[in-house]
Amino acid sequence: MKTPRSNRSDGEQTSRQILEAAGPLFATVGFAEATGKAIAEHAGVDVASINYHFGGRAGLYEATLVEAHRQLISLGELEAIAASALPAADKLARLFDTILGLAFTSAGWPVHLLAREILAPSSHFRVVREGEIEPKLIVVQRILGEATGIPPGDPALLRCMISIAAPCLMLAVAGAGAPGPVQAVRAMSREALSAHMHTFAMAGLAAVAREWQGTQAAPVRRRAKS
């Protein structure tokens, strides 16, 4: 009974080695230029191991995209924030702080890899979109809905979600080396930037919530007059 557990542990370790070697390489040179041979050399394994654990370089790339998104923020982390007893404003503050945490670390290959895919999406991005992004957006909508009173799925809340995500996306792309004044913003402290993004987002959400409430009240007033 001990041997299968040992083999499984060895397999998981090898799989992890390959992922950790492939992530920075894909982030630096891209999918087309990161050969299976180069990845295997960085991981200290043979090319056959990539095929065995991931079904080939394409499968490894997709697994690396998923891992990158999970390192940026996992579904479990998001659900924990959404389910906490914190006020909605504090949940949003924690969300910003969590996302910016990785973007401001030196070992930020997940951000660089995802920035590459965002700037030039490949067919492989579907895996991370369906498996990671969409379930997480549902949780983010819950947090924003709690902050605004707007129900999930409402177009107004979807617009809010885009407005919240855009600054994080901009910083991720800037982290990949994009030129421009945004680099000066990245030079600020993470705490100051997170606080600013939270303040800005809360003001915008409050304005959208007032507008949305007005649109909901208008039909009621018209019916009352008639």
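Worth saying up front: this structure is predicted, and the values here are computed from it rather than measured. (Residues numbered from 1 in each chain as written. Predicted model: local features only at pLDDT ≥ 70, side-chain atom pairs only at ≥ 80, totals over all residues. Heavy atoms only, no water.)

**Topic: the packing of helix α4 (residues 57–72) against helix α7 (residues 109–119)**
Closest axis-to-axis distance for the α4/α7 pair is 9 Å, and the angle between their directions is 120 degrees. If you check the angle between α4 and α7, you find them oblique. Classified by chirality, the crossing of α7 by α4 is left-handed. Residue-level inspection shows Y61, T64, L65, E67, A68, H69, Q71 and L72 of α4 in contact with α7, the latter providing W109, P110, V111, L113, L114 and E117. Its residues placed into classes, the contact of α4 with α7 shows 9 nonpolar, 3 polar and 2 charged. (Axes fitted to C-alpha atoms, helices over the stretch in contact; angles between N-to-C directions. Helix = DSSP H or I, 4+ residues; strand = E, 2+ residues; numbered from the N terminus. Parallel < 35°, antiparallel > 145°, perpendicular 65-115°, else oblique. Left-handed = near helix turned anticlockwise from the far one by under 90°. Contact = heavy atoms within 4.5 Å. Nonpolar A, V, L, I, M, F, W, Y, C, P; charged D, E, K, R; others polar.)

**Some details on the packing of aromatic side chains**
Tallying each qualifying case throughout the model produces 3 aromatic pairs. Their ring planes at 75 degrees and their centres at 4.8 Å tell us that F26 and Y61 sit as a pair that is edge-to-face. Placement of F26 in helix α1 (residues 2–29) and of Y61 in helix α4 is noted, with a sequence separation of 35 residues between them. For the pair shown, F26 and Y61 are each scored as buried. Here a set of aromatic residues connected by ring pairs shows up, and it is made of F26, F31 and Y61. R57 extends its terminal NZ or CZ atom over the ring of F31, reaching a point 4.1 Å from the ring centre. (Phe/Tyr/Trp six-rings, centres within 6.5 Å; stacked < 30°, edge-to-face > 60°. Buried < 20%, exposed > 50% of the residue type's maximum accessible area, 1.4 Å probe, protein only. Lys NZ or Arg CZ within 6 Å of the ring centre and 35° of its normal.)

**Looking at helix α3 (residues 47–54)**
Restricting attention to buried positions, one finds in α3 the residues S49, I50 and F54. In a view along the axis of α3, the buried residues occupy a sector of 105 degrees, so they form one face of it. A positive backbone phi angle near 75 degrees is found at G55, which sits one or two residues after α3. (Arc of directions from axis to C-beta.)

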